[in-house]
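Per-entry structural report
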Amino acid sequence: MKISPLAIIAGVVASLLAATVPAQTPAQTPAKKPNIVILLGDDLGYADIGAFGSEIKTPNIDALAQDGVRFTNFYTHASCSPTRSMLLSGVDTHVNGLGNMDEWTAPNQRGVPGYEGYLNNQVTTLPQVLKDSGYHTYMVGKWHMGKAPDQIPAARGFERDFSLLDGAGSYWDMTNFTGASPKSVFTEDGRYLTQLPDDYYATKTYTDKLINFIDANHDDGKPFFAYVAHQAPHDPYHLPKEWRNRHVGEYDKGWDIVRKERLKRQIELGIMPADTQLAERMWFLPDPIALAPASRAVLGKKMELYAGMVENLDFHIGRLVEHLKKIGEYENTIFMVFGDNGAEGTDLFKSIAGTPGTRDFLFAAIQWSQTHPNAWGDPGSYVAYGPMWAQVSMTPFSQYKGWVAEGGVRNALIVSGPAVQRPKSSINHGLMHVADIMPTLLDVAGTNYPKQQAGRNLPELIGKSWAPVLAGKAESPRSEKDYLGWEIFGNRAIRQGEWKLRWQHKPLGKGGWELFNLASDPAERTDLAAAEPEKVKSMVALWDAYARDNNVILPNRSVFETLEDALPPRTPDDPGYPPLIYKRQFVPPSDMVADPKP
Ligand SMILES: [Ca+2]
C-alpha cells in the first residue's frame, strides 16, 4: 500500500509528540481528524462563481476560495450520475455501474457488468470507508445512483440522509417529469418518504437537514463527512420570489457580451492565460445583436433566474458555513466546492415532453403548465436557459453538458481547510480529476482503501491523491505521461499533458478524432489532427488502452443519434464565409463617378 505524504507527516508528528511526552503521563489524545464537506452544484458552470470571473454574486463561495485554493484544471464527467459515481467510489464509470446514465443505457449495454445504471456492489464507497474509520457520514440532496433498497444512500455508507433519488424534479414538491414516473422519490435516513416537510424548498431544506444531522452528534467529538449534493442550479429554475429579480435587465445585452466580460475577469484574476480566446458561438445560435429587444429581454430573463438560483445556492452554503463557525467547527473543516458537469445546454424539457399527443406530452402540459414569464420560478413552471447561456456559464470553453469538449467536463474547484498548506486565495493549474477525491480524503482521514468487500476483491482506485498538491509540495498530482479518459453516449476523449484527443457525434463533433493543444487553445478552436498525425496515433493508442482496461462498450444507440437531423447544418468554420456577410460596400473609381443625366 502506498504511504501518503500526509500519513508520513502524521507519523513524524506522532513520534515527536511521543518523544516529548513524559513517560508517566497518559498519551495525549490525537488531534481530532478534520470534518469534510463536499458542496456540489448540479450543472453549475465553470464561470458562474465570482472567484472564477462571474458577475453573479457568490460571496460565501468566494470566501471559501479566499481561504483556500482555486483549481483551474479540474475535470468531472459530462453528466450527473457518472461524475457522482466516480466521486463516491474512486473507480471508473464503466466499472462502477454508471458506464452509461441509467436513463440512456443502450440495448447492447443492457446486462453488461459496469452498466447497471446504479452504483454497483463491485465497488465500496467513500462514506463507507470513512464511516469504518470513525467518521459520521451525512448526505443531503440529489443521489441519482439507484432507488432500490440496496442502492440508496443508507445502503451505501451514509449514516443519516435526506435525499432526492431522481436526477432532477421540482424544488417545491414531489412533481417529476414523465407520465410513467410522475413522482420524485425521496429517502430520509433510509426510509422512503410519502410526503415532504412543511415549507419545503430543496436548497433550504437540504441545508436545514444537514445542520440538524451535524448538531445531533456534535457532542460526541467524532469528525463528520457531509456530502451536500445540491439540486441547484439544475433546471427547472424554481426560486422563491425574493430571489428572482436581482438582475433585472442585466442580461438583455446578450450572451456574447457577457462571455467577453467573464473572460476579461478570468484573465485579470489569473484563472485563464492572458491570450485566451473565446470558443466560437455555437453555429446554430443567433447573434444577439440581430434579435428584437423583446426577444433579448425574454431570453435575458431566463439568465436572470439562473443567476438567482446560483445566488440562492450561495446564500444557503453561507448559512452552513456560518453554522460551522458558530459551533466552532469551521477551522477544522475541509471544504470542496465544484459543479458535477458542464452547464446544461440541451433542452431537457423538450425530451421529457416528447411528441404532441403522447402521454408524456399531456403530463407536461398539465404538471408544467405555468409558462407565463411572471410565473417563472413558481411550482409548475419549467424554465431552462438554453445553449446560449450555457456557453456563458462555461466561458471560455467550447460546448456544454453531455459532450466531452471542455465545456462538458471541465469545472471550477475550490478546496479550503486544514489540509491546505498553500497560500490563501492562491490558484493552481495542475491536472485534477473527480476520482482523485476518494484517495485524497482517505489520506486526510488517515485511513486506507480496503482490498476487499464482503470477500470480494475491490477494483483499484483510478485517481491520485492531492495530498502533495494541497501541501504545496507538488504542482499537479499527475506527470506528463499520466492520462485521463472519458466515454459517455459514445462521445470519448483522452487528456495527456497539454493535449486532448476527442471523438464526438456529429454535428457538435466530426464523427472522427479531433486533436487540441489546451495550453495554447483551451477553447478547442483549432483541430490539429491533420497537422499532428503521430500525436493522434499515440493518443488513440491511449484511448484503446483506456477502453480495454475499463471494458468500455460503445453504445449502439445514443441520445445524440438524431441531433444532426435536428440542428441546422453546420457551416465549416471558415472566417469570411459566406462572403455575402463580409462583402464591403463597393466604391467605384472616383474619376468614373457621375450624377444621373437629366
Ligand atoms: Ca449535473
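Residues numbered from 1 in each chain as written. Predicted model: local features only at pLDDT ≥ 70, side-chain atom pairs only at ≥ 80, totals over all residues.

1. Notes on the overall build of the chain
The condition that has to hold: Helix numbers and strand numbers start at the N terminus; a helix is a DSSP run of H or I with at least 4 residues, a strand a run of E with at least 2. Between the two quantities, the radius of gyration covers C-alpha atoms and the globule rule is 2.2 Å times the number of residues to the power 0.38. Partly exposed residues are those falling between the two cut-offs: more than 12 but fewer than 20 other C-beta atoms within 10 Å of their own, whereas 20 or more means buried and 12 or fewer means exposed, with C-beta atoms placed from the backbone. By the criterion used throughout, residues are in contact when their C-beta atoms, derived from the backbone, lie within 7 Å.
The secondary structure content of the chain amounts to 17 helices and 17 strands. Here the C-alpha atoms of the chain give a radius of gyration of 25 Å, agreeing with the 25 Å that 2.2 N^0.38 yields for 598 residues. Here the C-alpha coordinates of the chain stretch approximately 120 × 55 × 50 Å along the principal axes. When each of the 598 residues of the chain is scored for burial, the buried share is 49%. At a minimum sequence separation of 6, the contacts of the chain that also span at least 24 residues come to 72%.

2. Describing the nonpolar core
Our working rule: Buried Ala, Val, Leu, Ile, Met, Phe, Trp, Tyr and Cys residues form a nonpolar core when they are connected through C-beta atoms within 7 Å.
Leu-39, Leu-210, Val-228, Tyr-306 and Met-336 are the most contacted members of the largest nonpolar core, which totals 139 residues. Ignoring any residue separated from it by four or fewer positions in sequence, one finds Val-228 in contact with Val-37, Ile-38, Leu-39, Leu-40, Val-140, Gly-141, Tyr-206 and Leu-210.

3. With respect to the sheet that holds strand β14 (residues 483-488)
Quick reminder of the rule: Between any two strands, at least two bridges found by DSSP are needed for them to pair. Convention adopted: a line fitted to C-alpha atoms gives each axis, helices being fitted over their contacting stretch, and angles between N-to-C directions are expressed from 0 to 180 degrees.
Pairing in this open sheet of four strands is antiparallel, and the strands run β14-β15-β16-β17 from one edge to the other. The sheet terminates laterally at β14 and β17 (513-517), the two strands that pair on one side only. Within this sheet the neighbouring strands show an average axis-to-axis angle of 15°, counted without direction. Bridge count for β14 against strand β15 (residues 491-496) is six bridges, and the pairing is antiparallel. Opposite Leu-484, over in β15, you have Arg-495 as the bridge partner. Those strands touched by helix α15 (residues 533-549) are β14, β15, β16 (499-503) and β17, and its axis lies near 115° from that of β15.

4. Let's talk about the confidence of the model for the chain
To be explicit about the condition: The predictor's confidence in any single residue is recorded as pLDDT, a number from 0 to 100.
Confidence along the chain averages 94 in pLDDT terms, with 93% of residues attaining 70 or more. Between residues 10-27, whose pLDDT stays under 50, and residues either more than four places distant or in other chains, the model counts four contacts.

5. Some remarks on the pairing of strand β9 (residues 410-416)
Extensive coverage of β9 is indicated by the burial of seven of its seven residues. Residues Arg-410, Ala-412, Ile-414 and Ser-416 line one face of β9 and the alternating positions Asn-411, Leu-413 and Val-415 line the opposite face, and both faces are buried. The sheet contact formed by strand β2 (residues 69-75) and β9 spans five bridges and is antiparallel. In the strand pairing of β9, Arg-70 is matched with Ile-414. The pairing of strand β8 (residues 333-339) with β9 spans four bridges and is antiparallel. The residue of β9 that forms the bridge with Val-337 is Ile-414.

6. Regarding the environment of Leu-324
Turning to its location among the elements, Leu-324 is positioned in helix α8 (residues 293-326). Assessed through the 20 C-beta atoms surrounding it within 10 Å, Leu-324 is described here as buried. For the pair Leu-324 and Asn-108, spaced 216 residues apart in sequence, the C-alpha separation works out to 48 Å. If near-sequence neighbours (up to four positions away) are discounted, Leu-324 is found in contact with Glu-329, Tyr-330 and Thr-333.

7. Comments concerning the packing of α8 against helix α11 (residues 386-393)
What counts, and what does not: Our angle categories are set so that under 35 degrees counts as roughly parallel, over 145 as roughly antiparallel, 65 to 115 as roughly perpendicular, and the remainder as oblique. Rotating anticlockwise by less than a right angle from the far helix to the near helix defines a left-handed crossing, while the corresponding clockwise rotation defines a right-handed one. For this classification, the nonpolar set comprises Ala, Val, Leu, Ile, Met, Phe, Trp, Tyr, Cys and Pro, the charged set comprises Asp, Glu, Lys and Arg, and every other residue, Gly included, is treated as polar.
Where α8 meets α11, the closest approach of the two axes is 10 Å, and the angle between their N-to-C directions is 45°. What the angle tells us is that α8 and α11 run oblique. α11 is crossed by α8, and the crossing has right-handed handedness. Contacts from Leu-299, Lys-302, Met-303 and Tyr-306 of α8 reach α11 at Gly-386, Met-388 and Trp-389. Here the residues of the contact of α8 with α11 sort into five nonpolar, one polar and one charged.

8. Some points on α11
Of all eight residues in α11, six are buried; the element is thus mostly enclosed. Within α11 the residues assigned to the buried category are Met-388, Trp-389, Ala-390, Gln-391, Val-392 and Ser-393. Looking at the buried residues of α11, the elements they touch are α7 (255-269) and α8.

9. Regarding the pairing of β16
Where burial is concerned, most of β16 is hidden: five out of the five residues are buried. For β15 and β16, the ladder comprises five bridges, and the chain directions are antiparallel. Its bridge partner being in β16, Arg-492 is matched across the sheet by Trp-503. Inspection of the sheet shows β16 paired to β17 by five bridges, in the antiparallel sense. Looking across to β17, one finds that Trp-499 is bridged to Asn-517.

10. Remarks on the packing of α7 against α11
Closest axis-to-axis distance for the α7/α11 pair is 9 Å, and the angle between their directions is 10°. When the axis of α7 is compared with that of α11, the two are roughly parallel. Where α7 approaches α11, its residues Trp-255, Val-258, Arg-259 and Arg-262 are matched on the opposing element by Met-388, Trp-389, Gln-391 and Val-392. Along the lines of polarity and charge, the residues of the contact of α7 with α11 split into five nonpolar, one polar and two charged.

11. What to know about the environment of Asp-436
Within the fold, Asp-436 resides in the loop between β11 (432-433) and α13 (437-444). The exposure class assigned to Asp-436 is buried, which follows from the 24 C-beta atoms found within 10 Å. The spacing of Asp-436 and Ser-465 is 29 residues in sequence and 5.6 Å in space, taken between C-alpha atoms. Beyond its immediate stretch of four places on either side in the chain, Asp-436 contacts Gly-463, Lys-464, Ser-465, Trp-466 and Pro-477.

12. Overview of unusual backbone geometry
Here Ala-232 and Pro-233 are connected by a cis peptide whose omega angle stands at 0°. Inspection of the secondary structure assignment puts Pro-233 in the loop between β7 (224-229) and α7. In this chain, Asp-235 is followed by Pro-236 through a cis amide linkage whose omega measures 5°. When you line up the elements, Pro-236 lands in the loop between β7 and α7. The backbone phi angle of Ser-425 is positive, close to 70°, even though this residue is not glycine. By the secondary structure assignment, Ser-425 is in the loop between β9 and β10 (426-428).

13. Digging into the environment of Gly-377
Looking at the element boundaries, Gly-377 is found in the loop between α10 (359-367) and α11. Residue Gly-377 is classed as buried on the basis of its 23 C-beta neighbours within 10 Å. Spatially, the C-alpha atoms of Gly-377 and Ala-353 are 19 Å apart, while their sequence positions differ by 24 residues. Among all residues touching Gly-377, those that are not within four sequence positions of it are Tyr-237, His-238, Leu-239, Lys-241, Arg-244 and Leu-305.

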